[in-house]
Protein chains: 2
Amino acid sequence: MFSKTCEYAIRAMIFIAQKTKEGDIRIGIKDIASGIDSPEYFIAKILQELSRKGLVQSVKGPNGGFYLDHSSLQQSLADVVRAVDGDKIFEGCGLGLKQCSEKCPCPIHHDFKRIRKDLYRTLEKSKLGNFTEELDKQLLFLRR
Amino acid sequence: MFSKTCEYAIRAMIFIAQKTKEGDIRIGIKDIASGIDSPEYFIAKILQELSRKGLVQSVKGPNGGFYLDHSSLQQSLADVVRAVDGDKIFEGCGLGLKQCSEKCPCPIHHDFKRIRKDLYRTLEKSKLGNFTEELDKQLLFLRR
DNA sequence: TTAATAAAAGACAAAAATATCTTTTATTAT
DNA sequence: ATAATAAAAGATATTTTTGTCTTTTATTAA
Ligand code: FES
Ligand code: FES
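Further remarks concern the overall build of chain A. For chain A, the helix and strand inventory stands at 7 helices and 2 strands. Counting over 144 residues, chain A shows a buried share of 48%. Put simply, of all contacts in chain A between residues at least 6 apart along the chain, 64% involve residues at least 24 apart. With an accessible surface of roughly 7,200 Å², chain A has 49% of that area assigned to carbon and sulfur atoms. Considering chain A, the positive charge centre built from 24 side chains and the negative charge centre built from 19 side chains are found 4 Å apart.

The subject of this paragraph is the protein's contact with DNA strand C. Around DNA strand C lies a shell of 26 residues, among which Thr5(A), Pro62(A), Gly28(B), Lys45(B) and Ser58(B) are the nearest. The contact atoms of DNA strand C, taken as those within 4 Å of the protein, divide so that sugar and phosphate hold 59%. Lys4(A) is positioned such that a nitrogen or oxygen atom in its backbone is 3.1 Å from a phosphate oxygen of DNA strand C. Within the side chain of Gln48(B), one N or O atom sits 3.0 Å away from a base nitrogen of DNA strand C. Of all the elements in the fold, those that place two or more residues in the surface near DNA strand C are helix 1 (4-22) and helix 3 (40-52) of chain A together with helix 3 (40-52), strand 1 (57-59) and strand 2 (65-67) of chain B. Ranked by residue count, the leading element in the surface near DNA strand C is helix 3 of chain B, at 4 residues. Looking at the surface near DNA strand C residue by residue, the class counts come to 9 nonpolar, 11 polar and 6 charged.

Attention now goes to the interface of chain B and chain A. Taken together, the 40 residues of chain B in the interface contact 40 residues of chain A. Buried surface at the junction of chain B and chain A, both sides included, amounts to about 3,500 Å², of which 62% is carbon and sulfur. Looking at the side of chain B facing chain A, the largest losses of area belong to Met1(B), Pro107(B) and Arg144(B), adding up to 21% of the total buried there. Across the chain B-chain A interface, the total number found is 4 salt bridges. Two residues, Asp118(A) and Arg114(B), come together in a salt bridge whose shortest N-O distance is 2.7 Å. Summed over the shared surface of chain B and chain A, the result is 14 residue pairs in polar contact (both at pLDDT 80 or more).

What follows deals with the protein's contact with DNA strand D. Surveying the vicinity of DNA strand D reveals 26 residues, the closest of which are Lys45(A), Ser58(A), Pro39(B), Phe42(B) and Pro62(B). Per the 4 Å cut-off to the protein, sugar and phosphate atoms form 59% of the nearby atoms of DNA strand D. Contact between DNA strand D and Ile29(A): a phosphate oxygen at 3.0 Å from a main-chain N or O atom of the residue. Contact between DNA strand D and Lys60(B): a base oxygen at 3.3 Å from a side-chain N or O atom of the residue. Looking at the surface near DNA strand D, the element that brings in the most residues is helix 3 of chain A, giving 4 residues. Partitioning the surface near DNA strand D into residue classes produces 9 nonpolar, 11 polar and 6 charged.

Take helix 2 (residues 29-36) of chain A next. Residue and element names in this part refer to chain A. Restricting attention to buried positions, one finds in helix 2 the residues Ile32, Ala33, Gly35 and Ile36. Viewed along the axis of helix 2, the buried residues span an arc of 165 degrees, placing them on a single side of the element. Turning to helix 2, the residues buried within the fold contact helix 1, helix 3 and strand 2 (65-67). The first or second residue beyond helix 2 is Asp37, which carries a positive phi of 55 degrees.

The subject of this paragraph is the relation of the copies chain B and chain A. Of the transformation superimposing chain B on chain A, the axial component is 0.0 Å and the angular component is 180 degrees, with the fit at an RMSD of 0.0 Å. Taken together, the rotation angle and the small translation identify this as a two-fold axis. When each C-alpha of chain B is compared by its distance to the rotation axis, Met1(B) comes out closest, at 2.1 Å. A symmetric contact is evident, with 100% of the interface residues of chain B recurring at the interface of chain A.

All names here are of chain A. Looking at the element boundaries, Ser72 is found in the loop between strand 2 and helix 4 (77-85). Within the structure, Ser72 has its side chain in polar contact with the side chain of Gln57 (distance 3.1 Å). Ignoring sequence-local partners within four residues, the contact set of Ser72 consists of Gly54, Leu55, Gln57 and Leu128.

This part is about the packing of helix 1 of chain A against helix 3 of chain A. Residues and elements named next belong to chain A. Running from N to C, helix 1 and helix 3 cross one another at 75 degrees; their axes reach a closest spacing of 10 Å. When the axes of helix 1 and helix 3 are compared, the pair comes out roughly perpendicular. Between helix 1 and helix 3, the residues in contact are Thr5, Tyr8, Ala9, Ala12, Met13 and Ile16 and Phe42, Ile43, Ile46, Leu47 and Leu50, respectively. Classifying every residue of the contact of helix 1 with helix 3 by side-chain character gives 10 nonpolar, 1 polar and no charged.

What counts, and at which threshold
- Residues numbered from 1 in each chain as written.
- Chains lettered and ligands numbered in written order.
- Predicted model: local features only at pLDDT ≥ 70, side-chain atom pairs only at ≥ 80, totals over all residues.
- Heavy atoms only, no water.
- Helix = DSSP H or I, 4+ residues; strand = E, 2+ residues; numbered from the N terminus.
- Buried < 20%, exposed > 50% of the residue type's maximum accessible area, 1.4 Å probe, protein only.
- Contact = heavy atoms within 4.5 Å.
- Areas by Shrake-Rupley, 256 points an atom, 1.4 Å probe, with all protein chains shown as cover.
- Lys, Arg positive; Asp, Glu negative; His and termini not counted.
- Charge placed at Lys NZ, Arg CZ, Asp CG, Glu CD.
- Near = heavy atom within 4 Å.
- Polar contact = N/O pair within 3.5 Å; in protein donor to acceptor, adjacent residues only side chain to side chain.
- Nonpolar A, V, L, I, M, F, W, Y, C, P; charged D, E, K, R; others polar.
- Buried area = accessible area lost by both parts, 1.4 Å probe.
- Salt bridge = Lys/Arg side-chain N within 4 Å of Asp/Glu carboxyl O.
- Arc of directions from axis to C-beta.
- Least-squares fit on C-alpha atoms with pLDDT ≥ 70 in both.
- Axes fitted to C-alpha atoms, helices over the stretch in contact; angles between N-to-C directions.
- Parallel < 35°, antiparallel > 145°, perpendicular 65-115°, else oblique.

Following this line, the structure appears as structure tokens:
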């Protein structure tokens, strides 16, 4: 469904959101990596990219690390997916035709459209900051 | 969503189903490749594998090629997906946790479950032989 | 029986995704 | 100012996916 990169990105962003909301000023890359059980160097690269795009904030140096500002906390999972994987998943043809088209639909087009829309709406409604409480209560998990 | 391999596989299988139902005894790899606009050698490899697994039938030599027997025509797209990509898409965690679990759900688990189920049911209900008529009428397409 | 045909099998190549390591830069505390 | 810290940037490595080419095997038609 999503690339590994994207899976890590979503988990990391939700993790940072949680820590930010819990009151941690900033969270370091090592804590993120262990918090979501991902390769440290790899998630560093991913966050670097997301930082460049402004989806996450960071500061260097002692006590530095990543955090989410007020507006970033309101970003949706769809925004993260789009930033990492592009919108192939939201717009592309499920059977790999050059483009999804109503006029020249592939055999799964009509069903796929519905499923894709459901996926999109769901991700669009899920804001990074929405999971903090349940994560804290251990009703949701980012690693296992 | 699906791997390239899987996208080609589905298109090819539906294409073979169409040709088989139209009355062509067998259809050659070149015709398949051009019929679904895929790399010839690549789709050959894919069908080789599906043939080994019994999802498609083939014969070598002059007038040889691929076809679907009566029971293969009733195979679903889900069967093809499972044969090619495994059941990660149907069973795995959407955020890449080691396994999808009701007890330790990831943040998108509940929504993802619904979407995944919709996808699965849709693919399960779609039989390879179901698209022939609409393909013939050019209401559906396998290339563009 | 022989030559032609077409898929199977196996080897190889290129590209993309995933992962790791090193050096540089910005920031902070001393 | 200096040393320590932590992310940014850049380079490199590994694995997986995608794509191609060559040789072998089975089948058929002449
Ligand atoms: S054409 Fe394939 S999903 Fe729309
Ligand atoms: S735990 Fe992630 S989808 Fe079920």
